[in-house]
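Listed below are the residues making up each chain.
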Amino acid sequence: MTDALLAVDRLSKSYATRAGTIKAIDEISFTVRPGEFLSIVGPSGCGKTTLLMLLAGLLPVSGGTVRVRGLEVRGTPPNMAIVFQDYSRSLFPWLTNERNVALALHGARLSKAEARDRTYKALAEVGLTGFERIYPWQLSGGMQQRVAIARALVVSPEVLLMDEPFASVDAQTRATLEDLLLEVWRQSKTTIVFVTHDIDEAVYLSDRVVVLSKGPSHVVTEIQDELPRPRDQIVTKEEPLFAKLRGEVFGLVMGARRHAAEERRS
Amino acid sequence: MVTGRPLGPRAAARGWLERPIRVLGAIWLAVVLLVAWELKFRPGESVFMPPMSAILGAFVQQWFVLDPGQLFVTDHFQTNAVPSLLRLAQGWTIAAAIGIGAGLVLGIWRPALAFLNPLIRFGMSTPSTALLPIVIVVFGITSSMNVALIAMGSTWSVLINTIDGVRSLDPTMINAARSLRLGRSAFFWRVLLPSASPQIFAGLRISLGIALILMVVSELYAATSGIGHVMVFAKTTFRFVDMWSAIVFVGVLGLLLNGLFGLVEARVLRWKLESSRGAGGS
């Protein structure tokens, strides 16, 4: 356990509603190693986003702990960055792309020149050189999500949390962004926790896939993903191992859904 | 107020026709009504309704003069329009300051809003003109009275809209800001205030209209100078052309203020106007 960068231990989350307490997350435990690409998948409505918000310290936990390098998370720690699903609401439309990215450096007390350098470098890493001075809403959806990724990368985070980041873009753009993310990950050696409902995407990107059950969600299993790297949208997806892993995860996710349905009936 | 730009004989037909046609489309009804007025109310036809040409002539002659030393305005303008404009400016500025300031506090601090909400609803629902008698008693027939009434009446729309603007901040944006570890002041200036600004501007625009109404109304009843005072004085001395000229003045003033406000708004909220225009693409 000592080599874990991110350690989630018996994490629980309940909501108080008028109908009583609803348990969304039930004692989830897993660890993430430094430099690892971990995906979290599960049936829709299983609390994946809630889990990510807990990891980010943006929601109070009901039980258990989230630790980054041994320190309990209370509010997003400085070595963590988040990319949200909805870029149109996580980027600020009144700020140019440059200023959106630079906002992440606000607390870093850098000189103006250095902040500008890092901002331009982060935008260059996601292929947005030349788009610094315009606004996010002047870009396509995929390019807006690149701005969001640049804003996350600019602080050189040790942990990058991503909440279904490519769910609102078209298929071609998604493939491009997946490969961009893999390249950025390879170069920055950051650790990525990637929440998605897309099983192909999880298998294509990850070192390890955590499968969650339907809510109240717990970890059904973890699957090692030893597809060779660098991965390629065509070659990797034609590997027999890809099909096998995909089938395995798919079965688990569907099983989790069926299991939950049976539980409700009994 | 439309000035044609001189065009060379070889200007493209489409280019030089497009603008006049658009302008014509926008003003033809106004022109028709003015001409109809002129034809209907000939001199001597009605004491109360002078011909439009007489009204517009009096309007120009009474308020404006071709003298740079006078800043192109008449003494009549100096003694009546200037006090009115000062009252309007003071009253509206006070309303904007209180409305935005208190609105931000109440929008952020929920318990205070819950506590003050009934009072705000009451204040907003009370027609401000109903306060005129009490304001006159408290302030007397002074400019402070006019300013106070304008301020009291036009604060509410700014206040309500500011509160609403602050409270409708998108939860995802709040999370994004928190994940960036913005401090309180950075959050306020970079996220909260810009996010609320479209609604703050909407409130300011409504309050500007209310302020103009209250300026005139308060001067109709209690003032020794001002545009409203000119209207009442002209009416009681049977100089209806002068009364109409003051009415035209207020109308033009309203148009100008709205236009100026629109220019400022378009500049400050460029991101809002342009981003919503381009919304929809993925």
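Residues numbered from 1 in each chain as written. Chains lettered and ligands numbered in written order. Predicted model: local features only at pLDDT ≥ 70, side-chain atom pairs only at ≥ 80, totals over all residues. Heavy atoms only, no water.

Brief notes about the overall build of chain A
Per the secondary structure count, chain A includes nine helices and ten strands. Relative to the compact-globule value of 18 Å for 266 residues, chain A shows a C-alpha radius of gyration of 19 Å, a close match. Judged by the C-alpha coordinates and their principal axes, chain A covers about 60 × 45 × 35 Å. The contacts of chain A with a sequence gap of at least 6 include a subset with a gap of at least 24, amounting to 68%. Looking at chain A as shown, the accessible area adds up to about 12000 Å², and 52% of this sits on carbon and sulfur atoms. Of the charged side chains in chain A, 33 are positive and 32 negative; the average position of the first set lies 6 Å away from that of the second. (Helix = DSSP H or I, 4+ residues; strand = E, 2+ residues; numbered from the N terminus. Rg over C-alpha atoms; globule rule 2.2 N^0.38 Å. Contact = heavy atoms within 4.5 Å. Areas by Shrake-Rupley, 256 points an atom, 1.4 Å probe, with all protein chains shown as cover. Lys, Arg positive; Asp, Glu negative; His and termini not counted. Charge placed at Lys NZ, Arg CZ, Asp CG, Glu CD.)

Considering a nonpolar patch on the surface
Residue and element names in this part refer to chain B. Among the surface-exposed residues, Leu131, Ile134, Val137, Val138, Phe139 and Met152 lie close enough to one another that they form a single nonpolar patch of about 550 Å² accessible area. It is helix H5 (residues 132-139) that provides the largest number of residues to the nonpolar patch, a total of four residues. With respect to the secondary-structure elements, Val137 resides in helix H5. By relative accessible area, which is 67% here, Val137 ends up exposed. (Patch = residues over 30% accessible without salt bridge, like charges linked within 9 Å, V, L, I, M, F, W, Y side chains within 5 Å. Salt bridge = Lys/Arg side-chain N within 4 Å of Asp/Glu carboxyl O. Buried < 20%, exposed > 50% of the residue type's maximum accessible area, 1.4 Å probe, protein only.)

Here's the deal with the nonpolar core
One finds Leu55 and Phe92 of chain A to be the most contacted residues of the largest nonpolar core, which totals 107 residues. Ranked by residue count, the leading element in this core is helix H8 (residues 184-221) of chain B, at nine residues. Ignoring any residue separated from it by four or fewer positions in sequence, one finds Leu55 of chain A in contact with Leu6, Val8, Leu11, Phe30, Val66, Val73, Met80, Leu161 and Val193 of chain A. Counting residues in each nonpolar core, the second largest holds 34 residues, with Phe77, Met145, Val230 and Val250 of chain B among its members. (Core = buried A, V, L, I, M, F, W, Y, C linked by side-chain atoms within 4.5 Å.)

Here we look at the side chain of Thr155 of chain B
All names here are of chain B. You can see Thr155 is positioned in helix H6 (residues 143-167). Residue Thr155 is classed as buried on the basis of its relative accessible area of 10%. Setting aside anything within four residues of it in sequence, one finds Thr155 in contact with Ala95, Ile98 and Gly99.

What to know about the sheet that holds strand S1 (residues 6-17) of chain A
Residues and elements named next belong to chain A. Spatial ordering of the open sheet is given by S2-S1-S4-S5, a layout of four strands whose pairing is antiparallel. Edge positions in the open sheet fall to strand S2 (20-32) and strand S5 (71-72), since each of these has one partner strand only. Sheet topology places S1 next to S2; nine bridges connect them, and they run antiparallel. Each bridged residue has a counterpart across the sheet, and for Thr17 the counterpart in S2 is Gly20. Strands S1, S2 and strand S4 (63-68) of the sheet are contacted by helix H1 (residues 48-55), whose axis makes an angle of about 120° with S1. (Pairing = 2+ DSSP bridges. Axes fitted to C-alpha atoms, helices over the stretch in contact; angles between N-to-C directions.)

What to know about the interface of chain A and chain B
Each side of the interface is counted separately: chain A has 28 residues, and chain B has 21 residues. Around 2200 Å² of area is buried between chain A and chain B when both sides are counted, 65% of it from carbon and sulfur atoms. A salt bridge links Arg89 of chain A to Asp170 of chain B, with the shortest nitrogen-to-oxygen separation between them at 3.0 Å. Summed over the shared surface of chain A and chain B, the result is five residue pairs in polar contact (both at pLDDT 80 or more). (Buried area = accessible area lost by both parts, 1.4 Å probe. Polar contact = N/O pair within 3.5 Å; in protein donor to acceptor, adjacent residues only side chain to side chain.)

A closer look at the packing of aromatic side chains
A complete count under the given rule lists 19 aromatic pairs over all chains for this structure. Judged by centre distance (5.0 Å) and plane angle (90°), the ring pair of Trp37 of chain B and Trp244 of chain B falls under edge-to-face. Taken together, the residues span a long stretch of sequence, with Trp37 of chain B in helix H1 (residues 13-40) and Trp244 of chain B in helix H10 (residues 240-268) at a distance of 207 residues. Assessed through its relative accessible area of 19%, Trp37 of chain B is described here as buried. Taken together, the ring pairs connect Phe59, Trp63, Phe64, Phe77 and Phe249 of chain B into an aromatic cluster. The ring of Tyr120 of chain A is capped by Arg116 of chain A, whose NZ or CZ atom sits 4.4 Å from the centre of that ring. (Phe/Tyr/Trp six-rings, centres within 6.5 Å; stacked < 30°, edge-to-face > 60°. Lys NZ or Arg CZ within 6 Å of the ring centre and 35° of its normal.)

Things to note about the pattern of salt bridges
Charged atoms that come close allow side chains of opposite charge to pair. Residue and element names in this part refer to chain A. This structure, assessed with the given rule, holds 23 salt bridges over all chains. Here Glu36 makes a salt bridge to Arg208, at a shortest N to O gap of 2.6 Å. On the criterion of sequence distance, the pair formed by Glu36 in the loop between S2 and strand S3 (37-41) and Arg208 in strand S9 (residues 208-212) is long-range, its members being 172 residues apart. Pair check on accessibility: Glu36 and Arg208 agree, each one buried. For the salt bridge of Asp200 with Arg246, the shortest nitrogen-to-oxygen distance reads 2.7 Å. Here Asp200, found in helix H7 (residues 199-205), pairs with Arg246, found in helix H9 (residues 240-265); they are 46 residues apart in sequence, far enough to count as distant. Judged by relative accessible area, Asp200 falls into the partly exposed class, the value being 26%.

Some points on helix H9 (residues 227-236) of chain B
All names here are of chain B. Turning to H9, its buried residues number three or more, namely Ile227, Gly228, Val230, Met231 and Ala234. Take H9 and look down its axis: the buried residues cluster within an arc of 160°, on one side only. Close packing links the buried residues of H9 with helix H2 (52-63), helix H3 (75-108), H8 and H10. (Arc of directions from axis to C-beta.)

Comments concerning the sheet that holds strand S8 (residues 191-195) of chain A
Residue and element names in this part refer to chain A. Spatially, six strands are ordered S6-S7-S8-S3-S9-S10 in an open sheet, and the strand pairing comes out mixed. Only two strands of the sheet have a single partner each, and these edge strands are strand S6 (80-83) and strand S10 (219-224). Averaged over all pairs of adjacent strands, the angle between strand axes in this sheet comes to 15°, irrespective of strand direction. In this structure, S3 lies alongside S8, joined through four bridges in parallel fashion. The partner of Leu38 across the bridge, within S8, is Val193.

Quick look at the environment of Leu212 of chain B
Residues and elements named next belong to chain B. Examined against the element boundaries, Leu212 turns out to sit in helix H8. For Leu212, a relative accessible area of 12% puts it in the buried group. With 121 residues separating them along the chain, Leu212 and Gly91 place their C-alpha atoms 9.9 Å apart. Ignoring sequence-local partners within four residues, the contact set of Leu212 consists of Leu88, Val250, Leu253, Gly254 and Leu257.

Nothing here speaks to function; it is all geometry.
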